[in-house]
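Structural overview for review
Next come the chains, spelled out residue by residue.
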Amino acid sequence: MKNGVIVDLQHIFFSYGDVPVLEDVSIKLKQNDFLSIIGPNGGGKTTILKIILGLIEPDKGSVFVFGNSPKAARKFIGYLPQLFTFDYDFPVSIMDVVLMGRLGKRGLGRSYTKEDYQICLEALGEVGMEYLKDTQIGDLSGGQRQRVFIARALATNPKLLLLDEPVASVDTRWQQTFYELLQELNKEIAIIMVTHDISVVSTYIDKIACLNRRLYYHGSKKEGMHKISEMYEYPVQLITHDTPHSSSGERTND
Amino acid sequence: MIEILQYEFMRNALLAAILVSIACGIVGTFVVVKKIVFISGGITHAAFGGIGLGYFLGINPILTAIPFSLLSAIGIGVISKRTKISEDSAIGILWAVGMAIGILFIGLTPGYAPDLFSYLFGSILTVPFSDIIIMIVLDIIIIVTVLFLYKEFQALSFDEEFSEITGVPTRALYLLLLCLVALSIIVLIRVVGVILVIALFTIPTTIARQFTNKLKKLIIYSILSATILTVAGLWFSYFFDLPSGAVIVLVLAFAFFVSALIKRLRTKTDAFS
């Protein structure tokens, strides 16, 4: 890890068959960064996260996570996937879902320990869901499920948190609480949040990357706002909260 | 009713029913929640190639079916994850190729193939004690593996991608799960036959699913419902002299229908109360 750079993507190209998804994308993330990757649906945002996780390999380009290969660095990453892919009829309780965050910490065939349960209860507490720990996943609302999966990501005790559309189905009141939680976590860990909803680029985020197959902008939020309109190819009204912000983001690609 | 147990074939049949229920209750639960019913069907039919090989070599077809179904389980798992062929197509290919190999071997075997029908459609009343021993061994392997790797199989079934990220060897575990499916197919073939195996994988768990939403209970309820229903099927087929495999499947289907009805009535009365 040079100069506290924990995620270093250099000139990434990726395509699904003949369809190019990412072209020459370079992103750097430093310790304690809070980066939001924004861009339209199908712009390659989720693909970037999967490359960082080593779930897919880029066609070209290099990936370093914590100075290592993504597969070796996985255990330091907490991941919140998009939630429409799950079968919510699956017979599993909230606690069981969150315990999956501890799966890799125990050897194959070992039971979860008391410590695991404790960590999972705390993670559920952080998202205000511990009172539902014995409920079935299928009995929850969309927003509650999202909170459970956030708790699962936290239960891995990550050094880097990857969130794919984390506020897609939670109510606005909880969004506020959620961002405050992320801000608190951000003191210790780096966060990458992917979203197509630019209104969530709120006060709490200091850096943005605008991605639509190629990277339109990567740097501090302040300077990048006008770039978003360019990328979406129509005027975009941004909800920004005017707060003093002294982040001096670097441009790695323009 | 008890007096029929004085016959050895009946005692074997009863033992077979219990052993089958353990295998299909445990493995069937994962087959249902992981939605690999069609894969299991493919492995079952591919195993028929091994049965044909047994006839050809003149050894117990159940023994030759074991490597055949294990190889086809690994084959389907590897082909679908490593190549561009879709899992769906890979299953279809192995399904038919396995059957074709089996038929070819049986054709090459001189003379008439005895009990061929029982491997296709099952015959719980003619299970020899030697096959019971094989079933016991396979059941023990299944029980021990699932006890040891329960939390991994649960996570794999619910969210394979996340399990992979946490550092669990999901690909190997998935292949292992398919191998357990392959082994339980061997346990089941004698009782319901290649063509009807899929009923024992799916129906007991689907019945149990209506009464619990906990995975552990689902396994136990599946074993219980499978035991009760296969023994009932066995009894019917004995007393009315009907083909046992088909009767067991129809008893299972009838029980599923009744359980769905009960569940519906219960939710309706809950809604009104």
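First, a word on what this report is: a plain description of the structure on this page. (Residues numbered from 1 in each chain as written. Chains lettered and ligands numbered in written order. Predicted model: local features only at pLDDT ≥ 70, side-chain atom pairs only at ≥ 80, totals over all residues. Heavy atoms only, no water.)

Examining the packing of aromatic side chains
- Considering all chains together, one arrives at 19 aromatic pairs over all chains under this definition.
- Relative to A:Y88, the ring of A:F86 lies with its centre 6.1 Å away and its plane at 50°, an arrangement referred to as tilted.
- On the accessibility criterion, A:Y88 (17% relative accessible area) is buried.
- An aromatic cluster is built from B:Y7, B:F9, B:W235, B:F236, B:Y238, B:F239 and B:F240, whose rings are joined through pairwise contacts.
- We note A:R152 situated over the ring of B:F162; from NZ or CZ to the ring centre the distance is 3.5 Å.
- The cationic tip of B:K151 hangs over the ring face of A:Y112; the distance from NZ or CZ to the ring centre is 5.5 Å. (Phe/Tyr/Trp six-rings, centres within 6.5 Å; stacked < 30°, edge-to-face > 60°. Buried < 20%, exposed > 50% of the residue type's maximum accessible area, 1.4 Å probe, protein only. Lys NZ or Arg CZ within 6 Å of the ring centre and 35° of its normal.)

Considering the pattern of salt bridges
All names here are of chain A.
- Within the structure shown, the criterion is met by 16 salt bridges over all chains.
- Of the charged contacts in the structure, one is a salt bridge between K207 and D33, with a shortest N-O distance of 3.4 Å. In this pair, K207 sits in strand β8 (residues 207–212) while D33 sits in the loop between β2 (19–30) and β3 (34–38), placing the two residues 174 residues apart along the sequence. A single burial state applies to K207 and to D33, both of which are buried. (Salt bridge = Lys/Arg side-chain N within 4 Å of Asp/Glu carboxyl O. Helix = DSSP H or I, 4+ residues; strand = E, 2+ residues; numbered from the N terminus.)

Focus on the sheet that holds β3(A)
Residues and elements named next belong to chain A.
- Pairing in this open sheet of 6 strands is mixed, and the strands run β5-β6-β7-β3-β8-β9 from one edge to the other. Edge positions in the open sheet fall to β5 (77–80) and β9 (214–220), since each of these has one partner strand only. Taking each pair of neighbouring strands and ignoring which way they run, the sheet shows an average axis angle of 15°.
- Each of β3, β5, β6 (160–164), β7 (190–195) and β8 is contacted by helix α1 (residues 45–52), which is oriented at about 150° to β6, the strand it contacts most.
- Running at roughly 145° to β7, helix α6 (residues 172–186) makes contact with β3, β6 and β7 of the sheet. (Pairing = 2+ DSSP bridges. Axes fitted to C-alpha atoms, helices over the stretch in contact; angles between N-to-C directions. Contact = heavy atoms within 4.5 Å.)

Considering the interface of chain B and chain A
- Counting residues at the interface gives 24 residues for chain B, matched by 28 residues for chain A.
- Both faces combined, the contact of chain B with chain A buries some 2,500 Å², and carbon together with sulfur accounts for 66% of it.
- Here A:D87 and B:K35 are joined by a salt bridge, their closest N and O atoms 2.8 Å apart.
- At the surface where chain B touches chain A, the tally comes to 8 residue pairs in polar contact (both at pLDDT 80 or more).
- Of all the secondary structure elements, the ones that give two or more residues to the side of chain B that touches chain A are α7 (150–158), α8 (160–165) and α10 (215–239) of chain B.
- Tallying contributions element by element places α7(B) first for the side of chain B that touches chain A, with 6 residues. (Buried area = accessible area lost by both parts, 1.4 Å probe. Polar contact = N/O pair within 3.5 Å; in protein donor to acceptor, adjacent residues only side chain to side chain.)

Details of helix α2 (residues 37–57) of chain B
Residues and elements named next belong to chain B.
- Counted at 1.5 Å a residue, the expected span for α2 with its 21 residues is 30 Å, and the 31 Å between its end C-alpha atoms agrees.
- Across the 21 residues of α2, 16 count as buried, placing the element largely inside the fold.
- Positive backbone phi, at 75°, marks G58, one or two positions downstream of α2. (Expected span 1.5 Å × (residues − 1).)

Focus on helix α1 (residues 8–33) of chain B
Residue and element names in this part refer to chain B.
- Between its first and last C-alpha, α1 extends 37 Å over 26 residues, near the 38 Å set by a 1.5 Å rise per residue.
- Along its length, α1 reaches its greatest deviation from straightness, about 30°, at V27.
- One or two positions beyond α1, positive phi appears at K35, with a value near 55°. (Bend = angle between axes of the 7 residues up to and from the residue.)

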